[in-house]
Amino acid sequence: MDTTQLLKGVLDLAVLAVVEREDGYGYDVVRRLRAAGIEEVGDASVYGTLRRLYASGALTSYVVPSDEGPHRKYYGINAQGRAVLATQRKDWQEFAGTMARLLGEGGAQ
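Computed from a predicted model, the values in this text were never measured in an experiment. (Residues numbered from 1 in each chain as written. Predicted model: local features only at pLDDT ≥ 70, side-chain atom pairs only at ≥ 80, totals over all residues. Heavy atoms only, no water.)

It is worth spelling out the packing of aromatic side chains at this point. Evaluation of the coordinates by the stated rule reveals four aromatic pairs. Between Tyr25 and Tyr74, the ring centres sit 5.3 Å apart and the planes meet at 70°, which makes this aromatic pair edge-to-face. Within this pair, whereas Tyr25 is found in strand β1 (residues 24-25), its partner Tyr74 is found in strand β3 (residues 72-77), the two being separated by 49 residues in sequence. Tyr74 matches Tyr25 in its accessibility class, with the two residues each being buried. When the ring of Trp92 is compared with that of Phe95, the centres are 6.0 Å apart and the planes differ by 45°; the resulting orientation is tilted. Residue Trp92 and its partner Phe95 are both found in helix α4 (residues 79-102); the two are separated by three residues, about one turn of the helix. For Trp92, a relative accessible area of 40% puts it in the partly exposed group. (Phe/Tyr/Trp six-rings, centres within 6.5 Å; stacked < 30°, edge-to-face > 60°. Helix = DSSP H or I, 4+ residues; strand = E, 2+ residues; numbered from the N terminus. Buried < 20%, exposed > 50% of the residue type's maximum accessible area, 1.4 Å probe, protein only.)

Printed below as a string of C-alpha cells:
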C-alpha cells in the first residue's frame with residue numbers, strides 16, 4: 001500500500017507528537033519520525049509542516065548557535081499546539097478504531 005496519501009493526512013499530528021516529547025530542529029524531527037517507523041517522510045514535507053504549524057500559532061521557535069555549522073532553529077509546542085494535538089489525537093483514535101472495525105481487526109463488525 002502506498003502510504004504517501006495517508007501520511008499527508010496525519011503529518012501535522014505526527015510532527016506535533018514528536019515535538020511534544022522534546023523540542024527539535026527540522027532534521028531532528030525528520031530523524032525521529034523515521035526512527036518511529038515513518039521512513040517515507042520527506043525532509044521538505046516536515047520542514048513545511050513545521051513552518052505552517054509555527055505560522056498557525058501551534059509551535060514556538062528559537063535559534064541555538066552551533067560551533068560546527070549554521071545555527072539551528074528549534075521548534076517547541078505551546079498551549080495552543082497541545083490543544084490541537086489533543087483534538088487530533090482523539091480524532092485519530094476514533095478514526096483508527098472505525099477502520100479496525102471495518103477491517104475486522106477490532107472484534108465485532
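This next bit is on the environment of Glu22. Within the element layout of this structure, Glu22 appears in the loop between α1 (4-21) and β1. Residue class for Glu22 comes out exposed when judged on its relative accessible area of 51%. Once the C-alpha coordinates of Glu22 and Leu102 are considered, the two residues, 80 residues apart in sequence, prove to be 35 Å apart.

A word on the pairing of β3. Alignment of β1 against β3, held across two bridges, turns out to be antiparallel. Bridge pairing in β3 links Tyr25 to Tyr74. The pairing of strand β2 (residues 59-64) with β3 spans six bridges and is antiparallel. Pairing of Val63 across the sheet is with Lys73, part of β3. (Pairing = 2+ DSSP bridges.)

Such coordinate-based values are descriptive only and should not be taken to indicate function.
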